[in-house]
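Below are the chains, spelled out letter by letter.
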Amino acid sequence: MDETPGSGGDYVVIVDDDDPRSIPELIEELGGSMDTVKYTYNNTLFKGFAANMSSHCAGRLSIMSGIKEYERTVQFQSTAVQSNAPWGLERVSKRGAVNSEGKLETGREFTYTFDDNPGEGVDIYILDTGVQVDHVDFGGRATFGWAFDDRPVDENGHGTHCAGTAASTNFGVAKGANIIAVKVLGGDGRGGNDAILGGIDFVAQQHAARKDQPGFKGSIISMSLGSEVRSPALDNAVAAAALEGIHVSVASGNAGSDACGSSPGFASSQSSVISVGAIDINDQRADFSNFGACVTTYAPGFRILSTFIDPENPGTGGPRNVINAISGTSMACPHVTGLIAYYLNKFPELATDPAGMKNLIVSASEPVANLANIRNDPAIVVTNLGQLRSNQQANTPVVSNPSSRRRLRGNARNRRATQKQ
């Protein structure tokens, strides 16, 4: 069998949890070299590596002891469609479709009703194309944590947009959360599951270090990305993250098909991972949105206005106040990411309880008749109206009366000046 380096292709390899061998020892036993290893994974969730293997080494994976699973590197990409606008914040803070009469769908005269200090102190890890951390709308709450290419910049804008919907000052659900950029996709919006697993590895280590520190309020992975085929390694990694107490919100995908056919959306069917489909301003399922049993809930995902980068000068710093409106389940996912942070600040008992959080998100979502046309689809839209009974567990949420919550009105220019948390 060919022993030429790279002749077998790129592989992700997950090792048995109790295997005592180090990664260098495993590589040596395979007959390979550490020079071919792109990433090593060593955290409380999973252990393994990604490497560019010879055909000889790849062939040995099936017979070598201690290998839990292995697969060829799968390519992922961001799931957005360019367009132009924020009605989404109003939708997630009320019941019923947004009343857009007399308003442009891409206008900004909407109302967001919320509790004070939403998401304050919660850690949101944006696994995406990176984030322009110095954007003015992040208010100094954004930092760069890890980059697969050692370039801590967003040259695409997708990650900055998702971070803005989750937690920016004017366009975000959780206006007080910490934003940590974890770059797993390149400037073209694409990347492999090897890099994505590297990003999850980083988050797992950060969570392990943070969870016992004073003031810790919870860790959230937000993944607005998807694949055309399933990656069991990725599905298992996000499921393991949820078991470890990390909340995970993912996009269901933009193929307009069964969400169970791609990763990481599939993971929601067997874990506390939350997979999000997209609706438009009329509470119709967006025609690009995946659907079915592997969707947990729906959120606004059509013409969503949020923070962005300067498209003329990507990755160079440029203006720090650019905004843009785009569409996709990528835009729906961070609405739910922000809501998880919102609820974590409100209900600290859920800090490391993704199962309880998923139950709260589902229970606080409202049934929408427009969506009830696909078998096994949840046909519900998320809201921030959930409550936990003070004397009961997380699996018995109720819905709040929103009358006492804060309301913000006006166009985005006015909100930029006055909506400070």
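Since the model is a prediction, treat every value here as computed from it, not as a measurement.

When helices and strands are tallied, the protein shows 9 helices and 23 strands. A burial count over the protein gives 59% of its 421 residues as buried. In the structure as shown, the protein presents an accessible area of about 15,800 Å², 45% of it carried by carbon and sulfur atoms.

Before going further, it helps to spend a moment on the packing of aromatic side chains. The tally for this structure, following the rule as stated, stands at 7 aromatic pairs. Both rings, one in Tyr 11 and one in Tyr 70, keep their centres 6.3 Å apart while their planes meet at 45 degrees; by these two values the pair is tilted. A residue pair is termed long-range when its members are at least 10 positions apart, and Tyr 11 in strand β1 (residues 9-15) and Tyr 70 in strand β4 (residues 67-72) qualify at 59 residues. You can call Tyr 70 partly exposed: its relative accessible area is 34%. Ring centres 5.6 Å apart and planes at 65 degrees place the aromatic pair Tyr 41 and Phe 46 in the edge-to-face group. On the basis of relative accessible area, Tyr 41 is assigned to the buried category, the value being 0%. The buried category is assigned to Phe 46, whose relative accessible area is 6%. Counting every residue linked through ring pairs, the aromatic cluster contains Tyr 342, Tyr 343 and Phe 347. Sitting over the ring of Phe 114, Lys 175 keeps its end group 5.8 Å from the ring centre.

Let us look at the sheet that holds strand β2 (residues 37-42). Here we have 4 strands laid out as an open sheet, ordered β2-β3-β1-β4, and antiparallel in their pairing. In this open sheet, the two edge strands, each paired with only one partner strand, are β2 and β4. Adjacent strand axes in the sheet meet at a mean angle of 15 degrees when their direction is disregarded. Pairing of β2 with strand β3 (residues 47-53) involves 5 bridges; the strand directions are antiparallel. Paired with Tyr 41 across the bridge in β3 is Gly 48. With respect to the sheet, helix α1 (residues 23-30) is in contact with β1, β2 and β3, its orientation differing from that of β3 by roughly 40 degrees. Packed on one face of the sheet, helix α5 (residues 193-210) meets β1, β2, β3 and β4 and runs near 35 degrees to β2.

Here we come to the side chain of Asp 128. Position of Asp 128 relative to the elements: it lies in strand β8 (residues 123-128). One buried charge, Asp 128, has no salt-bridge partner; the nearest side chain with opposite charge is Lys 183, at 10 Å. Look past the residues within four positions of Asp 128 in its chain and what remains in contact with it is His 158, Gly 159, Cys 162, Val 182, Lys 183, Val 184, Leu 185 and Ser 224.

Moving on: the pairing of strand β14 (residues 247-251). When you tally the buried positions in β14, you get 5 out of 5 residues, the bulk of the element. Residues His 247, Ser 249 and Ala 251 point to one face of β14 and Val 248 and Val 250 to the other, with burial holding for every one of them. The sheet contact formed by strand β12 (residues 219-223) and β14 spans 4 bridges and is parallel. Residue pairing across strands places Ile 221 opposite Val 248, the latter belonging to β14.

The rules behind each value
Residues numbered from 1 in each chain as written. Predicted model: local features only at pLDDT ≥ 70, side-chain atom pairs only at ≥ 80, totals over all residues. Heavy atoms only, no water. Helix = DSSP H or I, 4+ residues; strand = E, 2+ residues; numbered from the N terminus. Buried < 20%, exposed > 50% of the residue type's maximum accessible area, 1.4 Å probe, protein only. Areas by Shrake-Rupley, 256 points an atom, 1.4 Å probe, with all protein chains shown as cover. Phe/Tyr/Trp six-rings, centres within 6.5 Å; stacked < 30°, edge-to-face > 60°. Lys NZ or Arg CZ within 6 Å of the ring centre and 35° of its normal. Pairing = 2+ DSSP bridges. Axes fitted to C-alpha atoms, helices over the stretch in contact; angles between N-to-C directions. Contact = heavy atoms within 4.5 Å. Lys, Arg positive; Asp, Glu negative; His and termini not counted. Salt bridge = Lys/Arg side-chain N within 4 Å of Asp/Glu carboxyl O.

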